[in-house]
Amino acid sequence: MSTTTTLQKAGDPTGESGSAKPSDGLKAGLKNRHLSMIAIGGVIGAGLFVGSGGGIAKAGPAILLSYLLVGAMVVFVMRMLGEMAAASPNSGSFSAYADRALGRWAGFSIGWLYWFFWVVVLAVEATAGAKILEGWVPAVPQWGWALIVMAVLTVTNLGSVASYGEFEFWFAGIKVVAIGAFVIVGMLAVFGVLPGSDNPGAGFAHLTDTGGFMPNGWGSVLTGVLMVVFSFMGSEIVTLAAGESEDPRRAVTKATNSVIWRIGVFYLGSIFIVLTLLPWNDKSIVDKGSYVAALDSIGIAHAGQIMNVIVLTAVLSCLNSGLYTASRMAFSLGERGDAPKAFAKVSKRGVPVTAILGSVVFGFAAVYFNYTSPDTVFSFLLNSSGAIALFVWLVICLTQLRMRGILMREAPEKVTVKMWLFPYLTWATAAMITFVLGYMVYDKDNRETVMLSLLVAAVVVVIGVVRSALRRKDAVEAVADASVDA
């Protein structure tokens, strides 16, 4: 088999350079500035703004170690994914690579699980955005706002991939500017040089002046890991989006190389500012939210409303990207025969309309259950999808262990991004992810989530294995029939 043919199977239809445009029906409608902002904003979810207060209350200043551990894990996973995506850009990303490296059952399983994760996220984020909007315009009920938000972003995604890219460019831009301004203004207040600040400017004293840097011990760091890991979900989206860009290899390489400073500034930097502006056990961090409490300590007027605008932007960004990601994964599964063929059909604008509508219908159903059966059906959906992103990261590790050898044998010149210290760091990352999953089982607050997620994953894997076995049987019978005919 030639190198070109082999790479076509791996997800590079052209076998040419990274500037080759998609030939699978999707159009290269994303510009470099879109991909750059998707890469930067992809690691900034609403969870960073909303959920960080709980982590600080559990671990104190040591929550920085939790963010550092999870951030390192994400950097390593992105490096592995970047290695494969730069060599072979594909709209199915890690699902397509797992399909080839581990088997059809693996690509089928992780693709559908990832789709399931994001369509549930659609309902969660739509509800979060609706709560904010209802507070501003109470005349429209919360469920009405959820439907409006979902409908608007569905229309946006149905228009063209450029529409998705443009919306995400501005959504991500607002998040980036907001956090950048927060870090700069906060640092000035920390050292007492911000004009008009109400903060005493204690420097770094708050990191140790209330029970020390690790007031609740090492166990709290691990608990913090479980609390912050989900705020990092979505960093892998850029590798799916790169398949619809004009220069996918360049986009993936740039995103992979920049992930370290993105996590360092946006996560570690902003949480560091919160911890230096306020004592970690200040009740306002939990009551108001860590960022609102920090802004209040500086004396920023209307801090709560300012943060609501930023959180709403993060929610809309997550919704926009979630719908895009779910539809492209469904499209890729349809192309490979692992989903209805209709999912692989595209409009004249190169948009997989059926895949988008199929994803959003499930999202609308999940929104419905969130209001009618929040403690039963929706609770099951939420818990059974909670650990799936960790499964995805683990599969990326295992896939990269096999794909490195395949790529180096067939087209070593395309391996422009390489995982550091291969294979040792890949195995270490896989072990760390496995440890986190194991600790979730041990932790009573996360046990139900990981067990239900494992149950759903097991069902999907069984279906995938059975499908692969039936495909092999059909292939053998077809060969036998052809031999008889000959």
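Fair warning: this is a prediction, and the values are worked out from it, not measured in the lab.

Colleague: What is the right way to look at the overall build of the protein in this model?
Modeller: Each helix and strand in the protein was counted, giving 19 helices and zero strands. Its C-alpha atoms give the protein a radius of gyration of 23 Å, within 12% of the compact-globule value 23 Å for 486 residues. Based on the C-alpha atoms only, the size of the protein along its principal axes is roughly 90 × 55 × 45 Å. Counting every atom, the protein has about 19,200 Å² of accessible surface; 67% of that belongs to carbon and sulfur. Computed over 34 positive and 30 negative side-chain charges, the inter-centroid distance for the protein is 5 Å.

Colleague: I'm lost on the nonpolar core in this one. Help?
Modeller: Across soluble globular proteins, nonpolar side chains have a tendency to be buried as a group. With 156 residues, the main nonpolar core has F49, F94, L390, W393 and I396 as its most contacted residues. Here this core takes 19 residues from helix α6 (residues 104-136), the largest share from any one element.

Colleague: I tried to follow the packing of aromatic side chains on my own but got confused; where do I start?
Modeller: What describes a pair of aromatic rings is the distance from one ring centre to the other and the angle between the planes of the rings. Considering all chains together, one arrives at 20 aromatic pairs under this definition. Members of the aromatic cluster, joined through ring pairs, are F94, Y114, F117 and W118. If you follow R33 out to its NZ or CZ, it ends over the ring of F169, 4.7 Å from the centre.

Colleague: What's the story with the side chain of K175 in this structure? I'm lost.
Modeller: Summarising the element assignment, K175 is placed in helix α8 (residues 161-190). In this structure, K175 is buried with no salt-bridge partner, the nearest side chain bearing the opposite charge being E168 at 4.6 Å. Other than its neighbours up to four places away in sequence, K175 contacts G41, I44, T313, A314 and S317.

Colleague: What am I meant to see in the confidence of the model for the protein here?
Modeller: Atom-level detail of predicted coordinates should not be read off regions where pLDDT is low. Mean pLDDT over the protein works out to 86, with 93% of the residues at or above the 70 mark. Helix α1 (residues 3-10) is the least confidently modelled element of the protein, averaging 38 in pLDDT, while helix α18 (residues 424-442) averages 94, the highest of any element. Contacts from residues 1-23, a stretch scored under 50 in pLDDT, to residues over four places away or in other chains number 46 contacts.

Colleague: Which parts of the structure should I look at to understand the environment of A330?
Modeller: With respect to the helices and strands, A330 occurs in helix α14 (residues 303-335). When its relative accessible area of 0% is taken as the criterion, A330 is described as buried. With 219 residues separating them in the primary sequence, A330 and G111 have C-alpha atoms 7.7 Å apart. Apart from residues lying up to four places away in sequence, A330 is in contact with W115, A339, F343, A355 and S359.

Colleague: Mind showing me how you'd approach the side chain of T223 here?
Modeller: With respect to the secondary-structure elements, T223 resides in helix α9 (residues 218-228). Leaving out residues up to four positions away in the same chain, T223 has contacts with K58 and Y439.

Colleague: Sorry, what's going on with the pattern of salt bridges here?
Modeller: Here the structure, examined in full by the defined rule, presents ten salt bridges. R328 is the partner of E244 in a salt bridge, and the nearest nitrogen-oxygen pair spans 2.8 Å. On the criterion of sequence distance, the pair formed by E244 in the loop between α10 (237-241) and α11 (248-277) and R328 in helix α14 is long-range, its members being 84 residues apart. Its salt-bridge partner being D338, residue R467 comes within 3.4 Å of it at the nearest N-O pair.

Colleague: Would you mind going over the environment of A255 with me for this structure?
Modeller: Counting through the fold element by element, A255 comes out in helix α11. A relative accessible area of 3% means that A255 is categorised as buried. Here the alpha-carbon distance between A255 and V238, two residues 17 residues apart in the chain, equals 7.4 Å. The contacts of A255, once residues within four sequence positions are left out, are A39, V238 and R262.

Colleague: Explain α6 here, please?
Modeller: Turn by turn, an α-helix covers 3.6 residues, leaving residues three or four places apart pointing in a common direction. A rise of 1.5 Å per residue sets the reference length of α6, with its 33 residues, at 48 Å; its end C-alpha atoms lie 48 Å apart and thus fit the reference within 8%. In terms of burial, α6 is largely enclosed, as 25 of its 33 residues are buried.

Colleague: Would you mind going over helix α7 (residues 142-159) with me for this structure?
Modeller: For α7, spanning 18 residues, the distance from its first C-alpha to its last is 26 Å, which sits close to the expected 26 Å at 1.5 Å a residue. Those residues of α7 that sit buried are Q142, G144, W145, A146, V149, M150, L153, T154, T156, N157 and G159. In the core, the buried residues of α7 are packed alongside α6, α8, α14 and α15 (353-372).

Colleague: Help me understand a nonpolar patch on the surface, please; the structure alone is not making it clear to me.
Modeller: A contiguous nonpolar surface patch, about 480 Å² in accessible area, is contributed by I184, L188, F191, V193 and F204. Assignment of secondary structure puts L188 in helix α8.

Colleague: What is the right way to look at unusual backbone geometry in this model?
Modeller: In most cases, non-glycine residues show a negative phi, while peptide bonds are predominantly trans. In this model, F422 is joined to P423 through a cis peptide bond whose omega is 0 degrees. Position of P423 relative to the elements: it lies in the loop between α17 (388-410) and α18. A positive phi angle, close to 45 degrees, is found at S93, a residue other than glycine. Inspection of the secondary structure puts S93 in helix α5 (residues 93-101). Judged by its relative accessible area of 0%, S93 is buried.

Colleague: Can you walk me through the packing of helix α3 (residues 46-59) against α14 in this structure?
Modeller: Angle between the axes and distance between the axes: these two values describe a pair of packed helices. Interaxial distance between α3 and α14 falls to 7 Å at its minimum, and their mutual angle equals 125 degrees. Here α3 lies oblique to α14, going by the angle between them. Contact residues: α3 offers A46, F49 and V50, while α14 offers M307, I310, V311, A314 and V315. Considering only residue class, the contact of α3 with α14 consists of eight nonpolar, no polar and no charged.

Colleague: Mind showing me how you'd approach the packing of α6 against helix α16 (residues 377-385) here?
Modeller: Closest axis-to-axis distance for the α6/α16 pair is 9 Å, and the angle between their directions is 130 degrees. What the angle tells us is that α6 and α16 run oblique. Of the two elements, α6 crosses α16, and the hand of that crossing is left-handed. Counted together, F116, F117, V120, A123 and V124 of α6 and F378, L381, L382, S384 and S385 of α16 form the full contact between these two elements.

Definitions and cut-offs
Residues numbered from 1 in each chain as written. Predicted model: local features only at pLDDT ≥ 70, side-chain atom pairs only at ≥ 80, totals over all residues. Heavy atoms only, no water. Helix = DSSP H or I, 4+ residues; strand = E, 2+ residues; numbered from the N terminus. Rg over C-alpha atoms; globule rule 2.2 N^0.38 Å. Areas by Shrake-Rupley, 256 points an atom, 1.4 Å probe, with all protein chains shown as cover. Lys, Arg positive; Asp, Glu negative; His and termini not counted. Charge placed at Lys NZ, Arg CZ, Asp CG, Glu CD. Core = buried A, V, L, I, M, F, W, Y, C linked by side-chain atoms within 4.5 Å. Buried < 20%, exposed > 50% of the residue type's maximum accessible area, 1.4 Å probe, protein only. Phe/Tyr/Trp six-rings, centres within 6.5 Å; stacked < 30°, edge-to-face > 60°. Lys NZ or Arg CZ within 6 Å of the ring centre and 35° of its normal. Salt bridge = Lys/Arg side-chain N within 4 Å of Asp/Glu carboxyl O. Contact = heavy atoms within 4.5 Å. pLDDT = per-residue confidence, 0-100. Expected span 1.5 Å × (residues − 1). Patch = residues over 30% accessible without salt bridge, like charges linked within 9 Å, V, L, I, M, F, W, Y side chains within 5 Å. Axes fitted to C-alpha atoms, helices over the stretch in contact; angles between N-to-C directions. Parallel < 35°, antiparallel > 145°, perpendicular 65-115°, else oblique. Nonpolar A, V, L, I, M, F, W, Y, C, P; charged D, E, K, R; others polar. Left-handed = near helix turned anticlockwise from the far one by under 90°.

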